[in-house]
Amino acid sequence: MSIPDELSCRELVELVTDYLENALPLAERVRFEEHLPACPGCQTYLEQMRQTIDVLGRVTEESLEPAARDQLLDLFRNWKRGDRAN
Amino acid sequence: MRLATNDVAGLAGVADDTHLVELLRAGDEQTFVELTDRYHSVMLRLANVYVRDRAVAQDVVQDTWLRVLRGLDRFEARSRLKTWIFQILVNTARTRAVREKRTIPMSALGDPVVADSVESAIEPERFLPVDAPRWPGHWTSLPPGWGAAPEERLLSGEVRSLIHAAIDSLPPSQRQVVTLRDSEGWTTEDVCNILQITETNQRVLLHRGRSRVRRALERYLTGT
C-alpha cells in the first residue's frame, strides 16, 4: 500500500469533484479508481459527497410571493402600455 | 418550485427561446408569468450574493425584468434567453452593489483567484502525515458513516434547514456556484458564462462549497 505513485486518501478527497465532473485526466482517474476498492474510508467519503449533492438538489426553491408577483405583473402591464409603444 | 435543468419543457433550445421572445414582445402576460415563476427565486438568491439587503436585492430583480422587457428588441436569436436574462441580472446587481458600497469586494465574485488560496475539503489532522512511515496521507480514523436509512434522514425538514443555513454561510463565490449547479441544476457552461469564471475555477468553488456542506451534514448526522 506504499507504492510511490499511489493516491493517498488525503489527495483523493480533493479530487472527488473533478472525478464526479469527469474532469480528471485519464491517468488520475485510473489512480482514483484503483484506490477506492481497498479503502472503506474513501468509499464512505465519496458516497457522502454524492449524498450531499443529492440533498443540495432537493432544496426547494421558495415560490414567488403573491405580492411580488403582483408587482411584476404591474411592471409588465406598465411596460406594455407605455414603454413598448415608444 | 425548482428550476431543475435546461431540459425544462418549453424552455429548451434556441427555437423555443425565439418563440418566447416573440410572445413577450407581443405582450403575452402568461409567458411573462411563467418566466418569472421559473426564474424569480433564483434571481433573487443570486442578487442577494451581490447586495446583502433583501429589499435591495428585490429591487435589483425587478429592475432586471424591466431591462429584459425593454431590451427584447436587442435579444439575438443565437443567444439563450436564460443566459441573457441572468447576464442582465448579474450586471444590474454588480452596478447596484457598487452604488450601495456595502458589499463584498468585486474580486470575491467576478474573478475569484481561487487557485492561489488553499482550502482543504477535510481537516488535515484527519489524515496521517505525508511522511508517516506507514499509510502516509491515509485516514487517521475512517470517516463515520451516516447511520441507517440516511436517505430518509436526509429528506427531513431539519436537514433542509441545515442545508439552507450551510449554503447561506458559504463564501459568496462558492454559494453562487453551488446554488446554480447543485440546487438549480445548471450546466457548467451556463454557470461559467453567467459568472464569467473559468471551468477550473468553477470546479474549485464547487468542490469547496460541496465539501463545506458535507462537513455540516457530517456534524449534524454524526455529532463529530
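Per-chain numbering applies: the sequence of each chain, read as written, is numbered from 1 onward. Lettering of chains starts at A and numbering of ligands starts at 1, both following the order in which they are written. The predicted origin of the model limits local features to residues at a pLDDT of at least 70 and limits the giving and counting of side-chain atom pairs to 80 or more, whereas totals for whole chains, interfaces and linings rest on all residues.

Things to note about the overall build of chain B
For the record, the criterion: A run of DSSP states H or I qualifies as a helix once it reaches four residues; a run of E qualifies as a strand once it reaches two. Both are numbered from the N-terminal end.
From N to C terminus, chain B includes 9 helices and 0 strands. Scanning chain B from its N terminus toward the C terminus, one meets helices and strands in the order α-α-α-α-α-α-α-α-α.

Brief notes about the environment of Arg29 of chain A
Residues and elements named next belong to chain A. Definition in use: A pair of residues counts as a contact when their C-beta atoms, built from backbone coordinates, are separated by no more than 7 Å.
Structurally, Arg29 can be placed in helix α2 (residues 26-35). Counting along the chain gives 13 residues from Arg29 to Val16, while the straight-line C-alpha distance between them is 10 Å. Excluding anything up to four places from it in sequence, Arg29 contacts Tyr19 and Leu24.

What to know about the interface of chain A and chain B
The criterion, for reference: Residues are sorted three ways: Asp, Glu, Lys and Arg are charged, Ala, Val, Leu, Ile, Met, Phe, Trp, Tyr, Cys and Pro are nonpolar, and all the rest, Gly among them, are polar.
Counting residues at the interface gives 39 residues for chain A, matched by 46 residues for chain B. By residue class, the composition of the side of chain A that touches chain B is 17 nonpolar, 11 polar and 11 charged.

Some details on the packing of helix α1 (residues 9-20) of chain A against helix α3 (residues 40-56) of chain A
All names here are of chain A. Our working rule: In this analysis, axes come from line fits to C-alpha atoms, helices being fitted only over the stretch in contact, and the angle between any two N-to-C directions falls in the range 0 to 180 degrees. Throughout, the term roughly parallel applies to angles under 35 degrees, roughly antiparallel to angles over 145, roughly perpendicular to angles from 65 to 115, and oblique to all others. Here a crossing is called left-handed whenever its near helix is offset anticlockwise from the far helix by less than a right angle, and right-handed whenever the offset is clockwise.
Where α1 contacts α3, the two axes come as close as 10 Å, and the packing angle between them is 15 degrees. With respect to α3, the axis of α1 lies roughly parallel. Seen along the crossing, α1 lies across α3 with a hand that is right-handed. In contact with Cys9, Leu12, Val13 and Val16 of α1, α3 contributes Gly41, Cys42, Tyr45, Leu46 and Met49.

Considerations on the confidence of the model for chain B
Residue and element names in this part refer to chain B. Short version of the rule: Note on scores: pLDDT gives the predictor's confidence for each residue, bounded by 0 and 100.
Looking at chain B, pLDDT values average 84 and 86% of them are 70 or higher. This stretch, residues 1-11, has a pLDDT under 50; its non-local contacts, to residues over four places away or in other chains, come to 19 contacts. Across the predicted assembly, pTM comes out at 0.82 and ipTM at 0.86.

Considerations on the environment of Leu81 of chain B
All names here are of chain B. Tracing the backbone shows Leu81 in helix α4 (residues 81-100). Distance in space between the C-alpha atoms of Leu81 and Asp59 is 21 Å, their sequence separation being 22 residues. Those residues within four positions of Leu81 in sequence are excluded, and the remaining contacts are Asp17, Leu20 and Val21.

A few points about the nonpolar core
Our working rule: As used throughout, a nonpolar core is a set of buried Ala, Val, Leu, Ile, Met, Phe, Trp, Tyr and Cys residues joined through C-beta atoms within 7 Å of each other. Exposure is read from a count of other C-beta atoms within 10 Å of each residue's own; the residue is exposed at 12 or fewer, buried at 20 or more and partly exposed in between. C-beta atoms are placed from the backbone. Note: domain ranges come from an automatic or database domain assignment.
Counting 47 residues, the largest nonpolar core has Met43, Ala47, Val51, Val60, Leu89, Ala93 and Ile163 of chain B as the members making the most contacts within it. Among the elements that line this core, the one with the most residues is helix α2 (residues 29-50) of chain B, at 9 residues. Taken together, domain 1 (13-103) and domain 2 (107-222) of chain B each give at least three residues to this core, which thus spans both. Excluding anything up to four places from it in sequence, Ala93 of chain B contacts Ala47, Tyr50, Val51 and Val60 of chain B. Leu7, Val13 and Cys42 of chain A together with Trp139 of chain B belong to the second largest nonpolar core, which has 12 residues in total.

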